[in-house]
Amino acid sequence: MRKLGIKSIIIKKYRPTSSKNKVVEKQNVLKRDFSTNTINEKWVTDITYIYTIKDGWCYLASVMDLHTRKIVGHSMSKNIDTKLALQAVKNAVKLQRPTKQLILHSDLGSQYTSLDFKEYILNSKIITHSFSGKGCPYDNASIESYHASLKKEEVHLVSYYDFNAAKLAVFEYIESWYNRIRIHSSIGYISPQKCEDLARKIS
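Residues numbered from 1 in each chain as written. Predicted model: local features only at pLDDT ≥ 70, side-chain atom pairs only at ≥ 80, totals over all residues. Heavy atoms only, no water.

As a further point, take helix α5 (residues 163-178). Turning to α5, its buried residues number three or more, namely Phe163, Ala166, Ala169, Val170, Tyr173, Ile174 and Tyr178. Summarising the axial view, the buried residues of α5 lie within an arc of 135°, below the 170-degree limit, and thus occupy one face. On its buried face, α5 is in contact with β1 (42-52), β2 (56-65), β3 (70-77), α4 (141-153) and α6 (192-202). (Buried < 20%, exposed > 50% of the residue type's maximum accessible area, 1.4 Å probe, protein only. Helix = DSSP H or I, 4+ residues; strand = E, 2+ residues; numbered from the N terminus. Arc of directions from axis to C-beta. Contact = heavy atoms within 4.5 Å.)

On to the nonpolar core, then. One finds Ile50, Leu60, Met64, Met76 and Tyr146 to be the most contacted residues of the largest nonpolar core, which totals 21 residues. Of all the secondary structure elements, the ones that give two or more residues to this core are β1, β2, β3, α4 and α5. Looking at this core, the element that brings in the most residues is α5, giving seven residues. Contact partners of Tyr146, with chain neighbours within four places excluded, come to Leu60, Ser62, Met64, Ile71, Tyr173, Ile174 and Tyr178. With 20 residues, the next largest nonpolar core counts Ile47, Ala85, Leu86 and Ile126 among its residues. (Core = buried A, V, L, I, M, F, W, Y, C linked by side-chain atoms within 4.5 Å.)

Bringing the sheet that holds β2 into the picture now. Strand order in this open sheet of five strands is β3-β2-β1-β4-β5, and the pairing throughout is mixed. Both outer strands of the open sheet, β3 and β5 (127-131), are each paired with one neighbouring strand and no more. Between one strand axis and the next, the sheet turns through 25° on average, direction left out of account. Against the sheet, α4 engages β1, β2 and β3, with an angle of about 30° to β1. Contacts from α5 reach β1, β2 and β3, with the element oriented near 175° to β3. (Pairing = 2+ DSSP bridges. Axes fitted to C-alpha atoms, helices over the stretch in contact; angles between N-to-C directions.)

In this section: unusual backbone geometry. Unusually for a residue other than glycine, Lys31 sits at a positive phi of about 50°. Note on placement: Lys31 falls in the segment before β1. Even without a glycine there, the phi angle at Arg32 is positive, about 60°. Residue placement: Arg32 occurs in the segment before β1.

A word on the side chain of Ser149. Counting through the fold element by element, Ser149 comes out in helix α4. Discounting chain neighbours no more than four positions away, the residues touching Ser149 are Glu154, Tyr173 and Arg182.

Bringing the packing of aromatic side chains into the picture now. Across all of its chains, the model carries five aromatic pairs by this definition. Judged by centre distance (4.8 Å) and plane angle (65°), the rings of Tyr146 and Tyr178 are edge-to-face. Of this pair, Tyr146 sits in helix α4 while Tyr178 sits in helix α5, placing them 32 residues apart in sequence. Given a relative accessible area of 1%, Tyr146 falls into the buried group. Residue Tyr178 is classed as buried on the basis of its relative accessible area of 3%. Taken together, a centroid distance of 6.0 Å and an interplanar angle of 35° make the contact between Tyr173 and Tyr178 tilted. The same class applies to Tyr173 as to Tyr178, namely buried. Among the aromatic residues, those joined into a cluster by ring pairs are Tyr146, Tyr173 and Tyr178. One Lys or Arg, Lys26, reaches over the ring of Phe131 and ends 5.9 Å from the middle of that ring. (Phe/Tyr/Trp six-rings, centres within 6.5 Å; stacked < 30°, edge-to-face > 60°. Lys NZ or Arg CZ within 6 Å of the ring centre and 35° of its normal.)

As structure tokens, then:
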């Protein structure tokens, strides 16, 4: 590696603080059934961590439509709280304007089990909240896979100076590349946006 001038990418590991609160199991409506018939039937959501030099750890909440693999909502913050998780879902609802019942699946993180999040879901009238089992990342495999792609294709290739630099780079990755250009084998080797456009034509 030294002869060829190759250097490995050293990734700073995120070490979450352990929670003293007991995790209560909640209903898993999705049950790893990721199949869909059209858009806005099943959404999955999760939070991941992005390191910056000046501001330290920052947090990205994403919402994916399982039919298209499109990131229909996302939000970034310096704080990992309910507001972050909720804003991503609100952005998804504002963009997609769902009119029929849909399932929103998340893990059992405190952001998703909070009273504010529960109230928003109940007031929406059309969203049913589904939860992964405790310590079962495969229950939310699609969004976990997306965040892994984001890290490999963007985040781990650069060093972000601060929160604003990271937020802009992630926005461009999602809106300019992932949703509109990057193809997916699971949706017939087309982009998520193309898949959504086709679904809207049919409906």
